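Remarks on the overall topology
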Amino acid sequence: MAGYKPVAIQTYPILGEKITQDTLYWNNYKTPVQIKEFGAVSKVDFSPQPPYNYAVTASSRIHIYGRYSQEPIKTFSRFKDTAYCATFRQDGRLLVAGSEDGGVQLFDISGRAPLRQFEGHTKAVHTVDFTADKYHVVSGADDYTVKLWDIPNSKEILTFKEHSDYVRCGCASKLNPDLFITGSYDHTVKMFDARTSESVLSVEHGQPVESVLLFPSGGLLVSAGRYVKVWDMLKGGQLLVSLKNHHKTVTCLCLSSSGQRLLSGSLDRKVKVYSTTSYKVVHSFDYAASILSLALAHEDETIVVGMTNGILSVKHRKSEAKKESLPRRRRPAYRTFIKGKNYMKQRDDILINRPAKKHLELYDRDLKHFRISKALDRVLDPTCTIKTPEITVSIIKELNRRGVLANALAGRDEKEISHVLNFLIRNLSQPRFAPVLINAAEIIIDIYLPVIGQSPVVDKKFLLLQGLVEKEIDYQRELLETLGMMDMLFATMRRKEGTSVLEHTSDGFPENKKIES
Amino acid sequence: MVEEENIRVVRCGGSELNFRRAVFSADSKYIFCVSGDFVKVYSTVTEECVHILHGHRNLVTGIQLNPNNHLQLYSCSLDGTIKLWDYIDGILIKTFIVGCKLHALFTLAQAEDSVFVIVNKEKPDIFQLVSVKLPKSSSQEVEAKELSFVLDYINQSPKCIAFGNEGVYVAAVREFYLSVYFFKKKTTSRFTLSSSRNKKHAKNNFTCVACHPTEDCIASGHMDGKIRLWNFYDDKKYTYTCLHWHHDMVMDLAFSVTGTSLLSGGRESVLVEWRDATEKNKEFLPRLGATIEHISVSPAGDLFCTSHSDNKIIIIHRNLEASAVIQGLVKDRSIFTGLMIDPRTKALVLNGKPGHLQFYSLQSDKQLYNLDIIQQEYINDYGLIQIELTKAAFGCFGNWLATVEQRQEKETELELQMKLWMYNKKTQGFILNTKINMPHEDCITALCFCNAEKSEQPTLVTASKDGYFKVWILTDDSDIYKKAVGWTCDFVGSYHKYQATNCCFSEDGSLLAVSFEEIVTIWDSVTWELKCTFCQRAGKIRHLCFGRLTCSKYLLGATENGILCCWNLLSCALEWNAKLNVRVMEPDPNSENIAAISQSSVGSDLFVFKPSEPRPLYIQKGISREKVQWGVFVPRDVPESFTSEAYQWLNRSQFYFLTKSQSLLTFSTKSPEEKLTPTSKQLLAEESLPTTPFYFILGKHRQQQDEKLNETLENELVQLPLTENIPAISELLHTPAHVLPSAAFLCSMFVNSLLLSKETKSAKEIPEDVDMEEEKESEDSDEENDFTEKVQDTSNTGLGEDIIHQLSKSEEKELRKFRKIDYSWIAAL
């Protein structure tokens, strides 16, 4: 009646990180390329235009790297003091940077000397950005001011003196040429409009603001200090959510190319990836040092992270085209699959569906036809035993349930029995497999005891197995001793008497393994 | 008001279907099978039970079609009678009284007025095949004492007798020999297996025999799984060939109608078809679920059917495709889970097929569905230790189902798995939610859900022999990718490492009682603190339950030493105790009552009591001679109203119990016939109309009529004829089209006949159906209706006469006959 039921393969919970589509996506990067810079890398910025070069600001230099180059393809080093915040214009042809001495310099990518120098700030300029119309530059400095500069005639247009502490971060709106945002150590984030002479919006972050980010639509604002906070601009700067996932100050923010994920880098040496719908952490990266800057290339092809120790870590996405290189077997054409599927039912036709054929694994096909030894051979294949030992164990268990395990194990030659023994040696001591495999080991010993001593290879394996079991018994004894000690400690600590409420102590597996060999 | 009668123990449903070979009707539309004292008639297409033929006073042991009239059926029973039935209408035609116990029945087309039966006359284990001459007499009950002896010293089972080659001989097998009796020569030949004394082949005794319908060929099945085909030329000369595929005993054999193929089945639960009697040409129908007990072939040759040990009949097409399954209550295995009631379907739930839970409807005596719990290939082999489904429980109003399965090969090797199933409203079934490997180190002894109405979190408690009880709660397991819930362990409790034997939640879910061998512990279900302990030093606690409703302050415990204790939870003291060896203790979900079944050397007794007072409400001694294993209260859909105090406990719920021999019994005051009538009558009416376009017109009409009919039955008002009894309609439907007058002519008569006559009170309903007018006009239409009725009365007669003038004479007769039809039988309903 019912069809063949395939063998239930025991699944075990995967400890640690869960595999989700996000972990798969963010783990799909090659091992990072490390580039040593002269000082702490304070800013990394990708050119928005192909070939997506990136500018790295470290110490008094700005390096431009190509996508796969390990050496800078260009260097701007005409700074007297530390340079800050080298940022590309939207067309990728101009670059602006602030510096410790209060100057703002504008460079042409192809040239070497600065095109423009905007003088006016009295202290270090930590943030600069181009406005959306490409002809103005916004800068924020430690002299508490925010200035708007005109590029063609290199003049200061506006000055805002509303902040009461250092202005350390800022960004311009990508849609409106007049709007830009700055964050300051006075715990506020302010939005300025070039058409008016004062801020149009101010939100209280609560801690010194290290980084701000405006969503492409301009509707949401993210500010980062000790915590990452997301503000709804359309509701007049209402706090949407506060993300407290880092345990040190968050220094940089970045959006993924799809806009679905938000990345934050922190001094606690972690980069966290949030979903922008639920604001839950979906992935996290670890780095060697505190992170100061972070940037994602077009289509998330590259992740570049700059750290306090001057190391620049560059991760490239693994290319997916590699699999294509294998010579593929010619499959039937698409039209064979849809053959007859688009037939319209006529009035007098009776539609009879062919029952869907259930796909069975090869070992299941063998078991269905009661070819037990063949099924066991199949799962003792090295590719299966190493990659998926749980399948092998499940088949052994199934054979035992069918009462034919001894038959399947019997009658093997030296090579085949050493396959089985190899598997046992590898997996016998694993707690999840032990109950099944101990039984199998006992059966093997029973079967092959008469012929022992005929093959040095097999004898060696048996000795190895014996050693393993002895070691495991010693280990279990030690565990039991430890458990006894812990019990005693718990007993003295417990105040209540009469009941022994045991809260989930993991008691190893107190199984006595006795294998006589 | 129900008449106050004595409460009797009544067998309810779950009767065996696989006791004897099923028999097909000549047109393969129906299949008959013996079922206890009854013969059941099933439709082969819809799997519905069409009729239950009752009349026998003891187990029915054989059924055969009447070879002379294929619309009649013979049945024989242990009560010593042979009965002849009209199975289409379900009417008993004749009873032949033979006088001694009949064990099997055979009919032969060649022997017109006699049938063959197996009787045992002298000693209890010697059976004879005799032929019984059935006297021709018009009376209902006839004595048939004219027995003529055919074969002696045969096997009791009808599988060991077969008539062959158009009734020329009869073959019987027993142990190691095959005897063939030739009717013409009146001689018996014996063929003994040559190797029967050889100890090596000790397992080749005969198990069954089948004869080729037209040739001199006998097939016999053997214990060792071999099938031997015997060809004999005369008394002494014979040859046999061997067919071997089965690795276990051959349970039954059957030749197809033409004799070209042979069917065999056995414990492997594979139906094998041997074509042309060769070993090479064979076809299989595997995985039929359980051991094949019987195989039968329809006379038309288009269907086979197999009866299985799990109380199932599978109807199989000629091309070896199963087409229908008639499934009764599965009974061939021990019940570990006990009896439960699914809160949604109100079905009885218990162990079914191996690894399945069966949901069985008590009302319709039919299995609703099987839930595959273990989900592994079932290997049907003798001596294998199978995974057993040991515990199951429903929780949260049927939203959750918890099951425990275990397999223990040796003392130390225990495989234990707990599964939690969630009810899915879309698919209307249970879907696996959480699987827990080794929830405990040792066997789980009890499992219970917290069924409090306002519990915010589903909670499950498991008690185990390893000395712990664990509390499992449903937790939210969802993340941004999916919404999910799963069960996790919340708390582990123990009491001095004693084995936990029972657990039980109080009605409001605030307290949990767990018994540890002799000691009962009470835990707070919020903080999981131990509140108090009770100990009576009267043996291990076997059953534990809280009182309900007004008695919720009491806790009841039954111990192995035969003491029933009742503790008061407010005073934490023993309220009362009684000496009672309780085997089953079940609380009624709808009242305070608790039923306890005690076991003594004579039989089982039932006690119904309230925890608040030690004096029982009701006692019934000797409800069963056997041990009662499980019991359950089933809430009634419609409450009964027994006024007598002793029977009041049956008002809201009905008590069912299962004995050791797996018969399902209950308490009732009605006779079984009374209970059965409504359903069987309904089916009868439904069967009589074919599903034609007319049916859809008439079906609706008839439903109204049925409602009326019920009313009239209650109030004894004027009776209405059923639609199919209106002559005009039946004429229209049953007369061949080419002899009918033109449709235009018949139309008015047909439409008129559909109108209700004037006397019925509900004439209003017709205008409502016909035209949805406003209410204002309804009065007018009423009058109009009256008017048309009058017209119809006159015109009907006029038209009728017109027809008679034009119709042929035979039809004229028919019409007259219909007019004379007596509807008085409706009054008898």
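Only a predicted model underlies this, so the values are computations on that prediction, with no experimental measurement involved. (Residues numbered from 1 in each chain as written. Chains lettered and ligands numbered in written order. Predicted model: local features only at pLDDT ≥ 70, side-chain atom pairs only at ≥ 80, totals over all residues. Heavy atoms only, no water.)

Topic: the overall build of chain A
Looking only at helices and strands, chain A has ten helices and 28 strands in total. What you see for chain A is a C-alpha radius of gyration of 33 Å, clearly larger than the 24 Å of a compact globule of 517 residues, by over 25%. Expressed along its principal axes, the backbone C-alpha trace of chain A runs to roughly 100 × 85 × 50 Å. Taking all 517 residues of chain A together, the buried fraction comes to 46%. Total accessible area on chain A stands at roughly 28300 Å², and carbon and sulfur atoms take up 53% of it. (Helix = DSSP H or I, 4+ residues; strand = E, 2+ residues; numbered from the N terminus. Rg over C-alpha atoms; globule rule 2.2 N^0.38 Å. Buried < 20%, exposed > 50% of the residue type's maximum accessible area, 1.4 Å probe, protein only. Areas by Shrake-Rupley, 256 points an atom, 1.4 Å probe, with all protein chains shown as cover.)

Quick notes on the pairing of strand β8 (residues 104-108) of chain A
Residues and elements named next belong to chain A. With four of five residues buried, β8 lies mostly within the body of the structure. The loop that links strand β7 (residues 94-99) with its antiparallel partner β8 comprises four residues; one of these, G102, has a positive phi angle of about 95°. Here β8 pairs with strand β9 (residues 114-118) via four bridges, running antiparallel. Among the inter-strand pairings, F107 is bridged to a residue of β9, identified as P114. (Pairing = 2+ DSSP bridges.)

Some points on the interface of chain A and chain B
Size of an interface: often given as the accessible area lost when the parts come together. Listed by partner, the interface residues are 35 residues for chain A and 37 residues for chain B. Both sides of the chain A and chain B interface together cover about 2900 Å² of buried area, and 49% of this is carbon and sulfur. Applying the counting criterion to the chain A and chain B interface returns one salt bridge. Between A:K5 and B:D372 there is a salt bridge, and its shortest N-O distance comes to 3.1 Å. At the junction of chain A and chain B, the tally comes to six residue pairs in polar contact (both at pLDDT 80 or more). Among the secondary structure elements, those contributing two or more residues to the side of chain A that touches chain B are α1 (21-27), α6 (389-401) and α9 (434-448) of chain A. In terms of residue count, α6(A) provides more of the side of chain A that touches chain B than any other element does, four residues in total. (Contact = heavy atoms within 4.5 Å. Buried area = accessible area lost by both parts, 1.4 Å probe. Salt bridge = Lys/Arg side-chain N within 4 Å of Asp/Glu carboxyl O. Polar contact = N/O pair within 3.5 Å; in protein donor to acceptor, adjacent residues only side chain to side chain.)

Digging into the environment of B:S35
Position of B:S35 among the secondary structure elements: in strand β3 (residues 30-35). Excluding its chain neighbours within four sequence positions, the residues that come into contact with B:S35 are B:S15, B:E16, B:L17 and B:K40.

Observations concerning the pairing of strand β21 (residues 226-232) of chain B
Residue and element names in this part refer to chain B. Burial analysis of β21 places five of its seven residues in the buried class, the great majority of the element. Of the pairings in the sheet, the one linking strand β20 (residues 217-222) to β21 comprises five bridges and is antiparallel in character. Its bridge partner lying in β21, G221 is registered against I227. Alignment of β21 against strand β22 (residues 238-244), held across seven bridges, turns out to be antiparallel. Pairing of L229 across the sheet is with T241, part of β22.

Description of the nonpolar core
In this structure, A:L399 and A:I444 are the most contacted members of the largest nonpolar core, which totals 43 residues. Going through the elements one at a time, α3 (362-368), α4 (372-379), α6, α7 (405-409), α8 (414-427), α9 and α10 (456-493) of chain A are the ones with two or more residues in this core. Counting residues per element, this core draws most heavily on α9(A), which supplies ten residues. When residues no more than four places from it in sequence are discounted, the contact partners of A:L399 are A:L367, A:I372, A:L376, A:V404, A:L405 and A:A408. Grouped together as the second largest cluster of nonpolar side chains are 30 residues, B:A513, B:V520, B:A538 and B:Y554 included. (Core = buried A, V, L, I, M, F, W, Y, C linked by side-chain atoms within 4.5 Å.)

Section: a nonpolar patch on the surface
Residues A:M486, A:L489, A:F490 and A:M493 make up a contiguous nonpolar surface patch of about 420 Å² in total accessible area. Counting through the fold element by element, A:M486 comes out in helix α10. (Patch = residues over 30% accessible without salt bridge, like charges linked within 9 Å, V, L, I, M, F, W, Y side chains within 5 Å.)

Quick word on α4(A)
Residue and element names in this part refer to chain A. Every buried residue of α4 is accounted for by I372, A375, L376 and V379. Angular distribution of buried residues about the axis of α4 spans 95°; they occupy a single face of the element. For α4, the elements touching its buried residues are α3, α5 (382-387), α6 and α7. (Arc of directions from axis to C-beta.)

Notes on α10(A)
In this model α10(A) runs 55 Å from its N-terminal to its C-terminal C-alpha over 38 residues, within 8% of the 56 Å that 1.5 Å per residue would give. Those residues of α10(A) that sit buried are A:V458, A:K461, A:F462, A:L465, A:L468, A:V469, A:E472 and A:Q476. (Expected span 1.5 Å × (residues − 1).)

Looking at the pattern of salt bridges
Throughout the structure, instances matching the rule amount to 28 salt bridges over all chains. Residues A:E398 and A:R402 are paired through a salt bridge, measuring 3.0 Å at the closest nitrogen-oxygen approach. A salt bridge links B:E377 to B:R287; its shortest N-O distance comes to 3.1 Å. On the criterion of sequence distance, the pair formed by B:E377 in the loop between β34 (366-372) and β35 (388-395) and B:R287 in the loop between β26 (282-285) and β27 (292-297) is long-range, its members being 90 residues apart. What makes B:E377 buried here is its relative accessible area of 9%. Overlapping salt bridges bring together B:E273, B:R275, B:E283 and B:R318 as one network.

Examining the sheet that holds strand β1 (residues 33-36) of chain A
Residue and element names in this part refer to chain A. Spatially, β1-β28-β27-β26 is the arrangement adopted by the four strands of the open sheet, whose pairing is antiparallel. Whereas interior strands pair on both sides, the edge strands pair on one side only; in this sheet they are β1 and β26 (291-296). Across this sheet, the average inter-strand angle for adjacent strands is 20°, counted without regard to direction. For β1 and strand β28 (residues 311-316), the ladder comprises four bridges, and the chain directions are antiparallel. Each bridged residue has a counterpart across the sheet, and for K36 the counterpart in β28 is I311. (Axes fitted to C-alpha atoms, helices over the stretch in contact; angles between N-to-C directions.)

A short note on the packing of aromatic side chains
For any pair of aromatic rings, the description rests on two quantities: the centre-to-centre distance and the angle between the ring planes. A full pass over the atoms with the stated rule returns 46 aromatic pairs over all chains. Their ring planes at 55° and their centres at 5.9 Å tell us that B:Y169 and B:F182 sit as a pair that is tilted. With B:Y169 in strand β16 (residues 169-174) and B:F182 in strand β17 (residues 177-182), this pair connects stretches of sequence that are 13 residues apart. Here B:Y169 and B:F182 have matching classes, each one buried. Put simply, the rings of B:F469, B:F491, B:Y495, B:F516, B:W523 and B:W528 pair up and form one aromatic cluster. Over the ring of A:F38 we find A:R61, and its NZ or CZ is 4.4 Å from the ring centre. Looking at B:R174, its charged tip hangs above the ring of B:Y153, at a distance of 4.0 Å from the centre. (Phe/Tyr/Trp six-rings, centres within 6.5 Å; stacked < 30°, edge-to-face > 60°. Lys NZ or Arg CZ within 6 Å of the ring centre and 35° of its normal.)

Here we look at the confidence of the model for chain A
Residue and element names in this part refer to chain A. Taken as a whole, chain A shows an average pLDDT of 87; of its residues, 93% reach a score of 70 or greater. Per-residue pLDDT, averaged within each element of chain A, yields its smallest value for helix α2 (residues 334-337) (80) and its largest for strand β23 (residues 261-266) (94). Every residue in residues 498-517 scores below 50 in pLDDT, and together they form 41 contacts with partners more than four places removed in sequence or on other chains. (pLDDT = per-residue confidence, 0-100.)

Comments concerning the environment of B:D342
Residue and element names in this part refer to chain B. As for its position among the elements, D342 is in the loop between β31 (340-341) and β32 (348-351). Sequence separation between D342 and N120 is 222 residues, and the spatial gap between their C-alpha atoms is 46 Å. Contact partners of D342, with chain neighbours within four places excluded, come to A347, V349, F359 and F394.

Some thoughts on the packing of α8(A) against α9(A)
Residue and element names in this part refer to chain A. The geometry of α8 relative to α9 is characterised by a closest axis approach of 11 Å and an angle of 145° between their N-to-C directions. Viewed along their axes, α8 and α9 form a crossing whose handedness is left-handed. Packed against α8, whose contacting residues are I417, V420, L421, F423, L424 and N427, the element α9 presents L437, A441, I444 and Y448 at the interface. Here the residues of the contact of α8 with α9 are counted per class, giving nine nonpolar, one polar and no charged. (Left-handed = near helix turned anticlockwise from the far one by under 90°. Nonpolar A, V, L, I, M, F, W, Y, C, P; charged D, E, K, R; others polar.)

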